[in-house]
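Residue strings, one per chain:
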Amino acid sequence: MKKTILLIEDNPQNRYLVQFLLEQRGYEILQAETGPQGLKLAANHHPDLILLDIQLPGMDGHAVAYALKSDPQLKAIPIVAVTSYAMVGDREKCLAAGAEGYIEKPIDPESFGDEVERFLRVAQGDVTP
Ligand code: MN
């Protein structure tokens, strides 16, 4: 069965790029522009993985991660924060908020798909982190 990945990202260019890179690998991509939209899609579709931008207008990525991990129905879904290297302390905050990992922005088209695949395999217990 196709794996489903939920992308929560406010930047349309990043959404386009991620969708392109992951559809090539056979994943089904759900897109949300805001945290609340993402939470609704997560509840309705129970994706296999959530890619979460941290800098979102309104409800930011930390708050979204916290909300997901506070929900018994959703807390098992792995979250990968997509965060800018320049944001010092962002990574630690993401992990503290419950994200399983992070990928640095800007998105590198060469490695992004492999990184996502690795997180999915870790989530399935196929490899250790
Ligand atoms: Mn953003």
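By convention here, each chain's residues receive numbers from 1 onward along its written sequence. Per-residue local features of the predicted model are confined to residues with pLDDT of at least 70, and side-chain atom pairs are confined, for both listing and counting, to 80 or more; whole-chain, interface and lining totals are unaffected and use all residues. Water and hydrogen atoms play no part in the side-chain values, which are based on all heavy atoms of the structure.

Caption draft 1: Examining the pattern of salt bridges more closely. The working definition used for a salt bridge is a side-chain nitrogen of Lys or Arg within 4 Å of a carboxyl oxygen of Asp or Glu. Overall, the coordinates contain 6 salt bridges when judged by the stated rule. Between lysine 105 and glutamate 9 there is a salt bridge; the shortest N-O distance is 3.1 Å. Linking lysine 105 in strand S5 (residues 101-105) with glutamate 9 in the loop between strand S1 (4-8) and helix H1 (12-23), this pair joins segments that are 96 residues apart in sequence. Partly exposed describes any residue whose relative accessible area lies between the buried limit of under 20% and the exposed limit of over 50%, with all areas from a 1.4 Å probe on protein chains only and scaled to the type maximum. Taking relative accessible area as the criterion, lysine 105 reaches 16% and is therefore assigned buried. Among the ionic pairs, glutamate 117 bridges to arginine 25, the shortest N-O distance being 3.2 Å. One end of the pair, glutamate 117, is in helix H5 (residues 112-123); the other, arginine 25, is in the loop between H1 and strand S2 (28-32), with 92 residues separating them in the sequence. On the basis of relative accessibility, which here comes to 22%, the residue glutamate 117 falls in the partly exposed class. Classification of arginine 25 by relative accessible area gives partly exposed; the value is 34%. Put simply, Glu9, Asp53 and Lys105 are held in one network by salt bridges that share partners. Starting at the N terminus, helices and strands are each numbered in turn, a helix being any DSSP run of H or I of at least four residues and a strand any DSSP run of E of at least two.

Caption draft 2: Broad picture of unusual backbone geometry. Following lysine 105, the chain continues into proline 106 via a peptide bond in cis, with omega recorded as 0 degrees. Take proline 106: it is sitting in the loop between S5 and H5. Positive phi, close to 40 degrees, is recorded for histidine 46, a residue that is not glycine. Counting through the fold element by element, histidine 46 comes out in the loop between helix H2 (35-45) and strand S3 (49-53).

Caption draft 3: Quick peek at the nonpolar core. In this text, buried Ala, Val, Leu, Ile, Met, Phe, Trp, Tyr and Cys residues form a nonpolar core when linked through side-chain atoms within 4.5 Å. Core analysis: the biggest nonpolar cluster contains 20 residues, and Leu6, Ile8, Ile50, Leu52, Val64 and Leu68 have the highest contact counts within it. If you list the elements that add at least two residues to this core, you get S1, S2, H2, S3, helix H3 (61-69) and strand S4 (79-84). For this core, the element with the highest residue contribution is H3, accounting for 3 residues. Contact criterion: two residues are considered in contact whenever any of their non-hydrogen atoms come within 4.5 Å of each other. Apart from the residues within four sequence positions on either side, leucine 6 is in contact with Leu30, Ala32, Gly38, Leu41, Ala42, Pro47, Leu49, Ile50 and Leu51.

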